Amino acid sequence: MADARIDLIGLSREELVQAFAEIGEKPFRAKQLWRWLYVSGETDFERMSSFSRPLQKLMEERFVVRRPKVERDLASEDGSRKWLLQFEDGRSAEMVFIPDDERAALCVSSQVGCMLTCQFCHTGTQKFERNITAPEILGQVMLARDACDEWPKPTERRLFSNIVMMGQGEPLFNFDNVAKALKIVLDNEGLAFSRRRVTLSTSGVVPMIARCGDEIGCDLAVSLHAATDELRDRLVPINRRWPIAELMRACRAYPGVHNARRITFEYVMLKGVNDSPADARRLAALVRGIPAKFNLIPFNKWPGAPFECSTPQTMTRFADILAEEGYTAPIRTPRGRDIMAACGQLKTAAGAGFPAA
Ligand code: SAH
Ligand code: SF4
C-alpha cells in the first residue's frame, strides 16, 4: 500500500501550521517543527525533544520527513560530486556538489529533462518528463547539508555556502515549485541562505524574469551565448520567442539589480561559432548600461555534441576584450568533467549521464 503520510519537507510555514491545526496543535508548535526541520535537519520525530511522546507518535502516523533517494554517488578527481537521485515515481535527476578551498556550491536541478533544445547542451537532448516538485528541489539542498554534516548551524562558517539553479531543466518554466523551495531555502529562521548566495540561471524566459526578482529576490544569471539574434536563434531556440532586445529589457528592469548586485551573463565558448573579437565587442555593446558581469564557460563535451571548445588563446583574448570594455569576465574552470558533471553535461536518460564506474 502506498504511504499516505504527508511529507513535511517543502510545506510552506502556512501549510505546516495548517497540517498541525488538523491534528489539534497550535501554530507555535509548527514554528518549533520548522526549526527541527530546517535548523537541526532532524528527520526522526522521536528526537524532536520539544514535543511530547504522544504528539511524536501522532506525527509518526500522519507525517514523514523524506529525503530523495541517492541512486548513485560519483566523486570526481577534482573533488566535485554528482548524485543521481531517484524520486518517488521512479524518475531521476542529477545534482552536483562543487567544493573549492573555502566554500561549496550545489547545482540543483529543476526539471526531469528540459523542454528546450539548446544545441550545445546535453540535457537538451533528453526528453522533457516533468517538473521537479518543491519538496524534491528542497530535498537536494537537504541532502547536500546532510552530506556535509553541517546541521545544526555551527558557529564557524559552513562549507556548503551557495546554491545555483543551474542543473537540469529551465527553472523559470517551473516557477511555482522553484519559488516555493527557494523561499524556504532563504528563510532566515531555517536554512538561512542569503539572497546573494542563491543564483537562478535562465535561458531567457522573459515574462518570468520580473517575478523571479520580486518573489524570490535571488541573483540572476542569463544564458546569453550569442550577441545577435541570428546566432542566438540557432544556439538557444527560446530566442525565437523572446529575442535579445526583449531579454535585455527584462534584465535592465530586474528588481534589485545595481552595481553591487550585477546580472551574470553566461557565455559558452564555442570554437569558430561565437568566439571572435568582434563577438566580444558586440556583447559588450549589447549589455551596456546593465550592471553586468560575464561568466565565460569553456564548452564541455558530451557524446555526439556538434561543437568544440574554443582554444585557450581565443578565450583569453575574448575575456581581455570584455575587460577592456569594463566588464569582469572570468573563464570558468571546468569541474567534474571526468564524471560528466560539468555545465551542460547532465542527462539522466538510459544511463547517459553516468559513465561506467
Ligand atoms: N536551463 C537553465 C539552467 C541550466 S544552467 C539555463 O539554460 O540557463 C547551465 C548553464 O550551462 C547554462 O548557462 C547553459 O547554457 C550552460 N551549458 C549548457 N551546455 C553546456 C556545455 N556543453 N558546456 C558548457 N556550458 C553549457
Ligand atoms: Fe535546457 Fe538550459 Fe540545457 Fe537549454 S541550456 S537545454 S534551457 S538545461
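Residues numbered from 1 in each chain as written. Chains lettered and ligands numbered in written order. Predicted model: local features only at pLDDT ≥ 70, side-chain atom pairs only at ≥ 80, totals over all residues. Heavy atoms only, no water.

Participant: Would you explain the nonpolar core in this entry?
Facilitator: Generally speaking, a soluble globular protein has its nonpolar side chains buried in company with each other. Judged by nonpolar contacts, the single largest core of 111 residues is most densely connected at Phe120, Ile216 and Phe265. Both domains that meet at this core, namely domain 1 (6–64) and domain 2 (69–339), each give it at least three residues. In this structure phenylalanine 265 touches Val222, Leu224, Met248, Cys251, Val287, Ile290, Ala292, Lys293, Phe294 and Asn295, once residues within four positions along its chain are discounted. Grouped together as the second largest cluster of nonpolar side chains are seven residues, Val96, Cys107, Ala341 and Leu346 included. (Core = buried A, V, L, I, M, F, W, Y, C linked by side-chain atoms within 4.5 Å. Buried < 20%, exposed > 50% of the residue type's maximum accessible area, 1.4 Å probe, protein only. Domains from an automatic or database assignment. Contact = heavy atoms within 4.5 Å.)

Participant: Would you explain the environment of leucine 235 in this entry?
Facilitator: Relative to the elements of secondary structure, leucine 235 occurs in helix H7 (residues 229–235). For leucine 235, a relative accessible area of 0% translates into the label buried. Note: C-alpha distance between leucine 235 and asparagine 295 (60 residues apart in sequence) is 17 Å. When neighbours within four sequence positions are excluded, leucine 235 is seen to be in contact with Cys118, Gln119, Phe120, His225, Ala226, Leu270, Val273, Asn274 and Phe307. (Helix = DSSP H or I, 4+ residues; strand = E, 2+ residues; numbered from the N terminus.)

Participant: What am I meant to see in the pattern of salt bridges here?
Facilitator: For the structure shown, the criterion picks out 26 salt bridges. For the salt bridge of aspartate 89 with arginine 130, the shortest nitrogen-to-oxygen distance reads 2.8 Å. In this pair, aspartate 89 sits in the loop between strand S4 (81–86) and strand S5 (92–99) while arginine 130 sits in strand S8 (residues 130–131), placing the two residues 41 residues apart along the sequence. Overall, the relative accessible area of 41% leaves aspartate 89 in the partly exposed class. Taking relative accessible area as the criterion, arginine 130 reaches 16% and is therefore assigned buried. A salt bridge links aspartate 279 to arginine 282, with the shortest nitrogen-to-oxygen separation between them at 3.0 Å. With a gap of three residues between them, aspartate 279 and arginine 282 both fall in helix H9 (residues 277–287), about one helical turn apart. Because the salt bridges share partners, they merge into one network encompassing Asp89, Arg91, Glu129, Arg130 and Glu136. (Salt bridge = Lys/Arg side-chain N within 4 Å of Asp/Glu carboxyl O.)

Participant: Help me understand unusual backbone geometry in this model?
Facilitator: Trans is the prevailing form of peptide bonds, just as negative phi is the prevailing case for residues other than glycine. Geometrically, the link from tryptophan 151 to proline 152 is a cis peptide bond, its omega value of -25° lying close to zero. Here proline 152 is to be found in the loop between helix H4 (134–148) and strand S9 (160–165). In this structure, aspartate 149 is a non-glycine residue whose phi angle is positive, near 55°. Looking at the secondary structure, you find aspartate 149 in the loop between H4 and S9.

Participant: Help me out: how do you make sense of the pairing of strand S13 (residues 292–298) in this one?
Facilitator: Each regular strand displays side chains that alternate between the two surfaces of the sheet. The element S13 is largely enclosed, with a buried count of six among its seven residues. Bridging between strand S12 (residues 263–269) and S13 involves seven bridges; their strand directions are parallel. By the bridge assignment, threonine 264 is partnered in S13 with lysine 293. Crossover connection from S12 via H9 to parallel S13: handedness right-handed. (Pairing = 2+ DSSP bridges. Right-handed = clockwise from strand over helix to strand, strands pointing away.)

Participant: Mind showing me how you'd approach the pairing of strand S6 (residues 104–107) here?
Facilitator: Neither face of S6 is open: one carries Ala104 and Leu106, the other Ala105 and Cys107, and all of them are buried. Adjacent in sequence and paired antiparallel, S5 and S6 are bridged by four residues.

Participant: Sorry if this is basic, but what is going on with the packing of aromatic side chains here?
Facilitator: The geometry of two aromatic rings is summed up by the distance between their centres and the angle between their planes. Applying the stated criterion across every chain, the model contains 10 aromatic pairs. The interplanar angle of 65° and the centroid separation of 6.2 Å between the aromatic rings of tryptophan 83 and phenylalanine 97 together place this pair among those described as edge-to-face. Of this pair, tryptophan 83 sits in strand S4 while phenylalanine 97 sits in strand S5, and the two are 14 residues apart along the sequence. Assigned by exposure class, tryptophan 83 and phenylalanine 97 land together as buried. (Phe/Tyr/Trp six-rings, centres within 6.5 Å; stacked < 30°, edge-to-face > 60°.)

Participant: How should I be thinking about the packing of helix H5 (residues 175–186) against helix H6 (residues 206–216) in this particular structure?
Facilitator: Helix-helix packing is characterised by the crossing angle of the two axes and by the distance between the axes. The N-to-C vectors of H5 and H6 enclose an angle of 25°; their axes lie 10 Å apart at closest approach. Considering their axes alone, H5 and H6 lie roughly parallel with respect to each other. Crossing angle aside, the handedness with which H5 passes H6 is right-handed. Along the contact surface, H5 presents Phe175, Asp176, Val178, Ala179, Leu182, Lys183 and Leu186, while H6 presents Met208, Arg211, Cys212, Glu215 and Ile216. Per-class residue counts for the contact of H5 with H6 are eight nonpolar, no polar and four charged. (Axes fitted to C-alpha atoms, helices over the stretch in contact; angles between N-to-C directions. Parallel < 35°, antiparallel > 145°, perpendicular 65-115°, else oblique. Left-handed = near helix turned anticlockwise from the far one by under 90°. Nonpolar A, V, L, I, M, F, W, Y, C, P; charged D, E, K, R; others polar.)

Participant: For this particular structure, what's the right way to read H5?
Facilitator: An α-helix turns once per 3.6 residues; consequently, residues spaced three or four apart project the same way. For H5, which comprises 12 residues, the first-to-last C-alpha distance of 16 Å matches the rise-based estimate of 16 Å (1.5 Å per residue) to within 8%. Those residues of H5 that fall on the buried side of the exposure criterion are Phe175, Val178, Ala179, Ala181, Leu182, Ile184, Val185 and Leu186. Packed against the buried residues of H5 are helix H2 (27–38), H4, S9, strand S10 (198–202) and H6. (Expected span 1.5 Å × (residues − 1).)

What is shown is where atoms sit, not what they do.
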